[in-house]
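# Notes for the structure review
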Amino acid sequence: MKILETTKAFQAWRVKLNAKAAYLGVTGGTSVGIVPTMGALHEGHRSLLKRARIENDFVVLTLFVNPTQFNQASDLEKYPKTLEADVRLAEATGVDAVFIPRDSEEMYPDTYRYQVSEKEFSKELCGASRPGHFEGMLTVVLKLLNLAGADRAYFGEKDFQQLTLIRGMAEAFFLPTAIVGCPTVREEDGLAMSSRNLRLTPAERKIAPLLHAALTGASDLNQARIKIENAGFKIDYLEDRRSKDGELRRFVAAYLGEVRLIDNVVVGVRV
Ligand code: PAF
């Protein structure tokens, strides 16, 4: 497994795949699947890597805690870092290359003068309380997909708003990368897997699954709100949204102590 620390090394790795195929006279055989992450990998990430492994000839994992998508410096500082374990998980899952930019200048040689923005959905839900978050996220994802020359990119449905915006960006900019959404992976008690779960105290960890239980077990939005607040969460937002294909999804973001958890579930479909 290759460890790549510069954008130049990443691009050279990608070019070599094509050159090798051309030399061998093979058509196809060089498809690349990318799994962009901020590290602190868990079973949710492993499921993305496994799917990428099945669907592509080469799999690249990226580990980069992207500073431009954090609107609070303290949140960035506290983001869990488990680099050695992440690299071991990648190796065990059959990843071909891991891109770990050695610093943020590597990703932002333009000092973030150029940015991707979306004017509607990115301002709602998580975007309403985290100004600039989705601009930072979309910008870094575009850079990573370009560097990888990725055929497919894998994202979890836990961050459904993120997934929707990335799909929109891929469509708007005619990206050649297929965006693959993968189901949320949950702990046995229903808590959506997230790197942020590592920051919960043991007492908070016991309460945390009540967020998902409230989303799935309430008869309506109001009852869900009462259940979540009674469990001790401070709600950032709790909203139902209908997608273009008629699916009704319930979205929540709520604080448990200092940790902001998000989740979403399908609560209905239009027939
Ligand atoms: O979901 C994440 O971990 C991040 O938002 C992503 C997509 C890796 C971009 O930094």
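Below, the structure is looked at part by part. Fair warning: this is a prediction, and the values are worked out from it, not measured in the lab.

A tally of regular secondary structure across the chain gives 11 helices and 9 strands. Whereas a compact globule of 271 residues would reach a radius of gyration of roughly 18 Å, the chain reaches 19 Å, a difference of no more than 12%. In terms of overall dimensions, the chain has a C-alpha envelope of 65 × 45 × 40 Å along the principal axes. Within the chain, the fraction of its 271 residues that count as buried is 50%.

Before going further, it helps to spend a moment on the environment of V35. Counting through the fold element by element, V35 comes out in strand β2 (residues 32-37). With 125 residues separating them in the primary sequence, V35 and F160 have C-alpha atoms 16 Å apart. Excluding anything up to four places from it in sequence, V35 contacts L48, L49, A52, V60, L61, T62 and Y154.

Turning our attention to unusual backbone geometry. Even without being a glycine, A40 presents a positive backbone phi close to 50 degrees. Counting through the fold element by element, A40 comes out in the loop between β2 and α2 (43-55).

The subject of this paragraph is the layout of surface pockets. With a probe scaled to a water molecule rolled over the atoms, the places where space remains empty come into view. The calculated volume of the second largest pocket comes to roughly 670 Å³. Around the second largest pocket, the lining comprises 23 residues; the ones closest to its centre are F121, T164, L165, R167 and K244. Those elements giving two or more residues to the lining of the second largest pocket turn out to be α8 (160-172), β7 (234-242) and β8 (247-256). In terms of residues, the lining of the second largest pocket owes the most to one element, α8, which gives 8 residues. Considering only residue class, the lining of the second largest pocket consists of 9 nonpolar, 4 polar and 10 charged.

Here the focus is the side chain of E135. Position of E135 relative to the elements: it lies in helix α7 (residues 133-148). At 2.7 Å, the side chain of E135 forms a polar contact with the side chain of K123. Those residues in contact with E135, other than ones at most four positions away along the chain, are Y112, Q115, V116, S117 and K123.

Near the ligand the following residues occur: P36, T37, M38, N66, Q69, M137, V140, V141, F155 and Q162. Q162 has a polar side-chain atom sitting 2.7 Å from an oxygen atom of the ligand. Listed by contribution, the elements that provide at least two residues to the shell around the ligand are β2 and α7. When residues of the shell around the ligand are assigned to their parent elements, the largest contribution, 3 residues, is made by α7. Class assignment of the residues belonging to the shell around the ligand gives a composition of 6 nonpolar, 4 polar and no charged.

What follows concerns the pairing of β8. Taking burial as the measure, the 10 residues of β8 include 7 buried ones, the bulk of the element. With 8 bridges connecting them, β7 and β8 associate as antiparallel partners. By the bridge assignment, L238 is partnered in β8 with V252. Following β8, the chain reverses through 2 residues before pairing antiparallel with strand β9 (residues 259-269); G257 in that reversal takes a positive phi of roughly 60 degrees.

α7 packs onto helix α1 (residues 7-24) with a crossing angle of 45 degrees between their chain directions and a minimal axis gap of 8 Å. Classified by the angle their axes make, α1 and α7 are oblique. Here T7, F10, Q11 and R14 of α1 lie close against α7, whose contacting residues are L144, L147 and A148. Here the residues of the contact of α1 with α7 sort into 4 nonpolar, 2 polar and 1 charged.

Here we take up a nonpolar patch on the surface. Together, Y23, L24 and V26 make up a nonpolar patch on the protein surface, roughly 380 Å² of accessible area in all. On the secondary structure map, Y23 appears in helix α1. With relative accessibility at 74%, the residue Y23 sits in the exposed group.

According to the stated counting rule, one finds 19 salt bridges in the structure shown. The partner of D75 in a salt bridge is R130, with the nearest N and O atoms 3.8 Å apart. With a gap of 55 residues between them, D75 in helix α3 (residues 73-78) and R130 in the loop between α6 (126-129) and α7 connect regions that are remote in the sequence. The shortest N-O distance in the salt bridge between K123 and E135 comes to 2.7 Å. Pair noted here: K123 is in the loop between α5 (104-107) and α6 and E135 is in helix α7, with a separation of 12 residues, a long-range link.

Cut-off values and rules
Residues numbered from 1 in each chain as written. Predicted model: local features only at pLDDT ≥ 70, side-chain atom pairs only at ≥ 80, totals over all residues. Heavy atoms only, no water. Helix = DSSP H or I, 4+ residues; strand = E, 2+ residues; numbered from the N terminus. Rg over C-alpha atoms; globule rule 2.2 N^0.38 Å. Buried < 20%, exposed > 50% of the residue type's maximum accessible area, 1.4 Å probe, protein only. Contact = heavy atoms within 4.5 Å. 1 Å grid on protein atoms, 1.4 Å probe; cavity = no way out; pocket = protein on both sides within 12 Å on 5 of 7 lines; lining within 4 Å. Points joined across faces, edges and corners; volume = space filled by probe spheres on them. Nonpolar A, V, L, I, M, F, W, Y, C, P; charged D, E, K, R; others polar. Polar contact = N/O pair within 3.5 Å; in protein donor to acceptor, adjacent residues only side chain to side chain. Near = heavy atom within 4 Å. Pairing = 2+ DSSP bridges. Axes fitted to C-alpha atoms, helices over the stretch in contact; angles between N-to-C directions. Parallel < 35°, antiparallel > 145°, perpendicular 65-115°, else oblique. Patch = residues over 30% accessible without salt bridge, like charges linked within 9 Å, V, L, I, M, F, W, Y side chains within 5 Å. Areas by Shrake-Rupley, 256 points an atom, 1.4 Å probe, with all protein chains shown as cover. Salt bridge = Lys/Arg side-chain N within 4 Å of Asp/Glu carboxyl O.

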